[in-house]
Each structure stands twice: as structure tokens, then as C-alpha cells.
Amino acid sequence: MTDTLASGVEPQNNQHTNDEARARLRKRYAAETRFKWLGAGAVVLSGFFLLLLLSTIVFKAFPAFHANELTLSLDLSAERVDPDNLTGNNYDTIINDALLSLFPNVEGRQERRQVRGLISSGAPTLLRQALQAGSLTPGGTVEHALPMDDFADLYLKGLLAADSTETALVAPDRVTLDGDDATLHFSDDRLLEFAREAGGLEEDGGTLRLTTGAASLIAYLGEGAVKLAEVMPDVDGGVTARGSVLAPVAKDEAGPVRLRVIATPEGERKISDREIVWIDQLRADGRTASAWNTQFFFGGASREAEMAGIWGAVVGSALTMLVTLALSFPIGVAAAIYLEEFAPKNRLTGFIEVNINNLAAVPSIVFGLLGLAVFLNWFNLPRSAPLVGGMVLALMTLPTIIIASRAALRAVPPSIREAALGVGASKIQTVFHHVLPLAMPGILTGTIIGMAQALGETAPLLMIGMVAFIVDIPGGFTSPATVLPVQIFMWADFPEPAFQQKTSAAILILLGFLILMNAVAVVLRKRFERRW
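**What about the pairing of strand β9 (residues 224–233)?**
Stage number 1. With 7 of 10 residues buried, β9 lies mostly within the body of the structure.
Stage number 2. As judged from the 2 bridges shared by strand β7 (residues 208–209) and β9, these two strands associate in the antiparallel manner. Following the sheet pairing, L208 is matched in β9 by V231.
Stage number 3. Direction of pairing for strand β8 (residues 216–221) relative to β9: antiparallel, over a ladder of 4 bridges.

Listed below in C-alpha cells is the structure:
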């Protein structure tokens, strides 16, 4: 477009080509450009937060997929294990004796209890199950790996006492031992600097006392270890350090000292300095190993973090979803077909349609209250059962499936119905032979949305008791069970640090379950998809 005619005469009406028009055009283009960039920015920001969320969950969940095991020399001789009565043997004593044999110098009731705490409390049960399954044979001494305690496992994964550093010091001039106390004499005074940085309290004469609020200083001399309690300067320029022996130290130890500084004070950690030294010793001996955490994938619920598994919740979710699908899909599709194809258009059907639309927006906990009142209190159906959970979730999913199914049926061109009726098909034949197959992809899309919403629901299931602590794997639709969202909710409330990783891992399992369920529905939808 130009504002000048070929003859060079200015047009009389140039309101679309003058300077003001060009300014308005530039302003509109600028607004479109800003809108485009704002939209792109919103997409990028959403993608960033989604990536941040997924990466956070994956990184937190990754440690839960592996667990550390401790290999012990177990005495399964005939004096300890009766092959004819495997459930009556004292497996606790067998494991404790094998564990204490690794630390012959440990004495005292409290220390022995700490040693026994390195192994999981569920280890005797796993040992009995291994004997019953035939993977272990009674008789003689066998090497067998058992799961470690959750705090020992977290330490080996680097999630406890991770703020530690190591420094090499010159060998001490003299080592003096007096029972569980040790005195080390060093020629240089570098240790004073470490003690001061660790938060040691300075007393008269320059002595630095490492109290419970200070960082831990552990001096490793060969295979021995001493936790330093005070460091004092000597008159000749060196320093003298005193502390308690955590691992036996040789008097004539002449090698360099490895000083480990753990910034978090011992009182603020879930693992003591003594346990750290023992675990490091076991790791150096090659007795610890990281293995695939089969207990997490195939075990049931447990109060012990290292024994807690997700399989019970997975089975409970699968059974609950089967009940939900078996009830909501045929009822929802049948209701949609009737309302869309056969029901007369009057006030009653209009009232029903309005209520179905409103039910889709009702909070899910209301369906839980309904299930509690009707299914449990009236029909006396079993609590915490997948049957009742599926029925409650079916009530919640029905409006979504009905609305989506009606929209899919309405989207089928009228020519399909007219053609079927024109060749003599009945109304029912027209709907079930022609309209319904063409609407099935849309119906399955609505079913996917409804089932995905049902899989992630927690509130209605809490009302019918599916928050109960269920240890066994559910064996049927009426067995006590829990579901994945409730299991995640329960683990997130436990104070043990190991449950944080298991919570993230369970979220990944839930997402995987959802993707698998949707993949099946997408395959079915593609199979029914038709083009016209």
C-alpha cells in the first residue's frame, strides 16, 4: 500500500496510510510481540519449575533404590539351628554373636548395644525367611549379607556426617594409653588451630576443651582412633591432646595421623562418633556393600525405615483401581448413552445434567464421608479394603466419565446416525454398532482423566480407614490394604530421615504406575480411533 498515486497526487482519504495510522500499526505489532514473548516466557518458566520439581524428587529418591548390607559369618550349626523347626530358632542371638565377634574389644552394655544397632532389627526375620526359602542351608558357618540399620545405611550413602574433612598431621612423638583414655604429644601446634576452629572453649593456660557443642575431632592412628576432648599447648612449642579411644590404638604407632573433623556436633547427629569409626572399619574390611534395595520394591510397610517396602501399597492401589474401573466405566458410559441418545429433553433430565456437572466439582472428601456413612456404617463392608476404596473412588470418578462420554457421543457426526437408521438399523444398533465405537477414543480420554484423578486421591480413602498401618501384602479385594498416596502421606509424616528418601521414591513409583495405566488406555484409544 502506498499513500501516493501513480500520478503523484496525494489521495484524499489517507486515514489508513498517514503517520498516525503507521504509529497505530507499530503499536499493534509491538503488543503482539510482547504477548508472544510473555507467552514463551510463561512456557519456559513452567518448564523450569516442572524440571526443578522432577529433578528434586529424582535426586532425593535415588538413595532409596539402593541399600547397604553387612556380610556376617553366621553360625548355622546344628546346635544353633534346628532344620525341622526353623521358626523356633533364636536368630537374634546368631546375628548378635556374629556381629560382636567383629569387635572383640567392645565391652560394656551400652557399647554392645550400639554394635548390635548397626544391623537392621528385621535381619532375624530375613534370615529365617532365607532358611525357609532354601537360599541358605543349615549347618556350619556361612557368609550372608543382611541389611544395615537405617542410620548406618544413610552414613554409608554420605547423607549423615557429610560435612567432614580430613587432614594429615605429623606422627605424634609419644602415645600414652590409660584404659579408654589416650594422650598424644605432637611436635607442632597445628592441632590448636583445628581445635579453635572446631569451637573449643579456651581455658586458663590456653587449653581448648571440645565440649558437646563443638565439632568432633577424630585422630586416626593406623587402625586405631581417638576422639579428642582437649588440646593444650606445651611449653616446648608442641601440643598435647587427650581423648577417648574409639578403636584400639597401638602404643608404638609411628605412622602419620589422619585427623577427621566432623562439623556437626555429635549431639546433633543421628549417628555417634564411635559408630562412625566402627562403620568405617567394616567398610575398610570389605564387609559392607551397596545392593539393589529389593526390600523396598517387594516388601510391605514397616516402622523400621530400612525394612519399609512399597509393594503392599502398589498391590492395594492396583486392586482399588480395578474396582473403580469396573464400576465407574460401564455405569458412566451407560449413563452418558442414555442421557445423550435416549433420554427425553425435559426438566428432569436437565436437573440430572446440572447435578452431574456440579458433582464433578464437589470436594473429594465429601465422597469419603458418603462412603463412610453408606458402605461402612450401613452395609457393614470391611474397613481399609480395596473393595470399599474402589467404590468410593468410583463415585468420585463417575461425573468425569459421564461428562466426557457425553461430549464424545455428541461429537459423532449426525450423518452416521442418519445413515445407520436409513439402512434399517434400530436405535440401539445405531448407538452400539456405529456411534459408540466412533466415540470410544473420547470416552477413553475422559476415563484416563478420571482414573488418574482417582489414583492420586488421599482424602476420601482416609475417611474409610485406608490410612491404617498394614504390614501384609493384600491378598484380595476385601483384605486390609493401603494405597500409594496414603503410603506417601504416612511416610512423609515419619520423623526418621530415611523415610524422606522413601517418600520421594514412592512418588516416582506412583508416577510410574500412573504412566503405565495411562499407556494402556492410550493404546486402547488408538485402537478404536477412526477418521471420517
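What follows picks up the thread again.
**As for the side chain of E457**
Stage number 1. Within the element layout of this structure, E457 appears in the loop between α14 (427–455) and α15 (459–463).
Stage number 2. Although E457 is buried, it makes no salt bridge; R383 carries the closest opposite charge, 17 Å away.
Stage number 3. Of the polar contacts made by the side chain of E457, one reaches the side chain of S364; its length is 2.9 Å.
Stage number 4. Among all residues touching E457, those that are not within four sequence positions of it are S364, L393, M396 and P485.

**Overview of the packing of aromatic side chains**
Stage number 1. Taken as a whole, this structure holds 12 aromatic pairs when the rule is applied.
Stage number 2. Where F65 meets F296, the ring centres are 6.2 Å apart and the plane angle is 55°; that geometry is what we call tilted. Placement of F65 in the loop between α1 (19–61) and β1 (66–75) and of F296 in helix α8 (residues 294–298) is noted, with a sequence separation of 231 residues between them. Neither F65 nor F296 differs from the other in exposure class; each is buried.
Stage number 3. Measuring from ring centre to ring centre gives 5.4 Å for W378 and F379, while their planes differ by 25°; the resulting arrangement is stacked. With respect to class, W378 is no different from F379; both count as exposed.
Stage number 4. Chaining the aromatic ring pairs together yields one cluster made of F65, W292, F296, F297, W491, F494 and F499.
Stage number 5. Over the ring of Y220 we find R258, and its NZ or CZ is 4.2 Å from the ring centre.

**Structural notes on the environment of G389**
Stage number 1. By the secondary structure assignment, G389 is in helix α12 (residues 386–410).
Stage number 2. Judged by its relative accessible area of 0%, G389 falls in the buried class.
Stage number 3. On a C-alpha basis, the gap between G389 and N357 in space is 23 Å, while along the polypeptide they are 32 residues apart.
Stage number 4. With residues up to four places along the chain from it excluded, the contact list for G389 reads T320, L461, I464 and M466.

Rules used in this analysis
Residues numbered from 1 in each chain as written. Predicted model: local features only at pLDDT ≥ 70, side-chain atom pairs only at ≥ 80, totals over all residues. Heavy atoms only, no water. Buried < 20%, exposed > 50% of the residue type's maximum accessible area, 1.4 Å probe, protein only. Helix = DSSP H or I, 4+ residues; strand = E, 2+ residues; numbered from the N terminus. Pairing = 2+ DSSP bridges. Lys, Arg positive; Asp, Glu negative; His and termini not counted. Salt bridge = Lys/Arg side-chain N within 4 Å of Asp/Glu carboxyl O. Polar contact = N/O pair within 3.5 Å; in protein donor to acceptor, adjacent residues only side chain to side chain. Contact = heavy atoms within 4.5 Å. Phe/Tyr/Trp six-rings, centres within 6.5 Å; stacked < 30°, edge-to-face > 60°. Lys NZ or Arg CZ within 6 Å of the ring centre and 35° of its normal.

Shape is all these values report; function is a separate question.
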